[in-house]
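Close look at the chain arrangement
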Amino acid sequence: MQIFFTNPYTRAVGLVFATDSLLFGSWVARIPFLKYQLGLNDAQLGLSLFLLPIGSILTNPFSGRLIRRFGSARVCLWCAFGFFLSVLIPANAPNVYVMGAGMALMGGFAAVLNVAMNTCASNLEKSEGIRIMSACHGMWSLGGMLGSTLAGLFIWAEVSMPVHMLAIALFLCTVTVLIQPLLRQIPEERNVSGTSFARPTVTLIILIFIGLTVSMGEGVSFDWSAIYLREIAHATPSVSALGFGCFALTMTLGRFLGDTIIPRYGEKRLLILGGIVGALGILIAILFPYPFTTLVGFLILGMGCSLGAPMLYAISMRQPNTPPAAGLATFATFSFIGFMAGPPLIGFVAEAYGLQYGFGLVAVLLLMGAIMSRWARV
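Presented here is a report on the structure given in the accompanying data block. (Residues numbered from 1 in each chain as written. Predicted model: local features only at pLDDT ≥ 70, side-chain atom pairs only at ≥ 80, totals over all residues. Heavy atoms only, no water.)

This brings us to the overall build of the protein chain. The number of helices and strands found in the protein chain is 19 helices and zero strands. Dimensions of the protein chain, computed from C-alpha atoms along their principal axes, come out at roughly 50 × 45 × 35 Å. Residue burial in the protein chain is summarised as follows: out of 378 residues, 60% are buried. At a minimum sequence separation of 6, the contacts of the protein chain that also span at least 24 residues come to 85%. Just so you have it, the protein chain exposes about 15,000 Å², and 69% of that area is on carbon and sulfur atoms. (Helix = DSSP H or I, 4+ residues; strand = E, 2+ residues; numbered from the N terminus. Buried < 20%, exposed > 50% of the residue type's maximum accessible area, 1.4 Å probe, protein only. Contact = heavy atoms within 4.5 Å. Areas by Shrake-Rupley, 256 points an atom, 1.4 Å probe, with all protein chains shown as cover.)

As structure tokens, this is what we get:
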């Protein structure tokens with residue numbers, strides 16, 4: 001943990017993760033505003049959110065090739081700019097069509113940025129002989145928590161969504177430019193040959209399924225926590241914005257401890273435990289739909305999901321006879337679909353049966369992921 005904050009290169013990589021999720025955290029707290037502003041029902045909102053994974057699917061297959069050709073640092077720079085600025089489109093959308101186009105762009109840039117920043121972290125681990133993947137994902141969670149908290153303050157101060165998103169985007173673009181020189185000094189292998197995707201093996205398919213369930217747990221908190229608190233738990237708007245913050249708090253703590261915990265207890269055991277704990281958190285929110293108990297449920301959900309991504313990303317990059325970037329891109333594409341497609345799926349279920357049933361579906365999937373973890377070769 002100490003080396004992560006004292007080494008300038010680990011701090012720089014960690015800031016890439018933090019800026020990515022700080023924007024996400026700010027964005028998700030504002031989703032109820034868009035829903036009410038554009039007069040969308042749950043199914044319409046879910047369909048609009050589904051354009052995020054569409055953008056991911058279209059761009060992620062090119063991520064490995066882009067990183068090998070231009071380097072992970074440069075890809076981080078341009079994709080971060082694209083991601084931060086594309087959020088201004090849905091934030092100012094006059095109708096659902098413009099909102100959807102902006103969300104597709106967000107999904108595309110975010111997907112490639114996701115692969116590039118994880119590649120930066122892996123390259124630094126190899127060059128320095130250290131373990132920082134979990135801590136980097138901890139920075140991602142910390143950024144999301146800060147973004148959610150800032151969003152709550154902006155909402156409390158009655159700052160409009162367009163002004164809020166513009167201020168955050170400009171700040172994050174500035175941070176990205178400042179850390180770019182350090183990122184470019186991290187050694188990495190670059191070439192223009194090889195494949196962008198890995199051929200799925202049985203192990204990789206199992207990892208992808210587990211990743212889908214963990215990502216859907218994260219997606220629940222990102223896109224539906226504020227709406228669930230507002231409409232089901234009847235919380236105030238400012239309290240509703242804290243749902244993702246609670247989730248991100250325990251996720252952050254778990255990930256900062258992960259580089260110590262994972263070697264001690266093992267990846268398989270922690271994947272099983274994480275799925276069970278995550279499902280428990282969702283069940284608490286369903287069975288006790290009050291502001292306090294729902295926030296507790298999101299705290300427990302964050303604990304359960306905290307170590308899933310850093311462990312699975314690391315495992316995907318060490319598959320036999322597979323280039324690390326290709327293994328990561330393949331895993332990231334499908335797990336990112338879970339992160340992005342999960343919330344729209346919940347919207348469809350919510351429109352038909354109620355939001356609690358949508359959350360219940362994710363709890364069942366998390367339990368299935370825990371079961372599948374027993375057969376994962378790590």
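Let us keep going from here.
Below, the discussion takes up the environment of Thr 176. Checked against the element boundaries, Thr 176 lands in helix H11 (residues 161–183). Sequence spacing of Thr 176 and Thr 203 is 27 residues, and the spatial spacing of their C-alpha atoms is 35 Å. The contacts of Thr 176, once residues within four sequence positions are left out, are Leu 77, Ala 80, Phe 81 and Phe 84.

In terms of nonpolar packing, the biggest core is built from 111 residues, with Val 13, Trp 27, Leu 355 and Phe 359 touching the most fellow members. For this core, the element with the highest residue contribution is helix H12 (residues 202–231), accounting for 13 residues. (Core = buried A, V, L, I, M, F, W, Y, C linked by side-chain atoms within 4.5 Å.)

Note on backbone geometry: most residues besides glycine have negative phi, and most peptide bonds are trans. The phi torsion at Glu 158 lies on the positive side, around 60°, for a residue other than glycine. Position of Glu 158 relative to the elements: it lies in the loop between helix H10 (133–156) and H11. Using a relative accessible area of 71% as the deciding quantity, one classes Glu 158 as exposed. Its identity as a non-glycine residue notwithstanding, His 234 has a phi of 60°, on the positive side. Structurally, His 234 is set in the loop between H12 and helix H13 (237–240).

Turning our attention to helix H5 (residues 51–59). Three or more residues of H5 are buried, namely Leu 52, Pro 53, Gly 55 and Ser 56. Angular distribution of buried residues about the axis of H5 spans 155°; they occupy a single face of the element. (Arc of directions from axis to C-beta.)

It is worth spelling out the environment of Asn 114 at this point. Summarising the element assignment, Asn 114 is placed in helix H9 (residues 96–128). Distance from Asn 114 to Val 239, taken between C-alpha atoms, is 29 Å for residues 125 residues apart in sequence.

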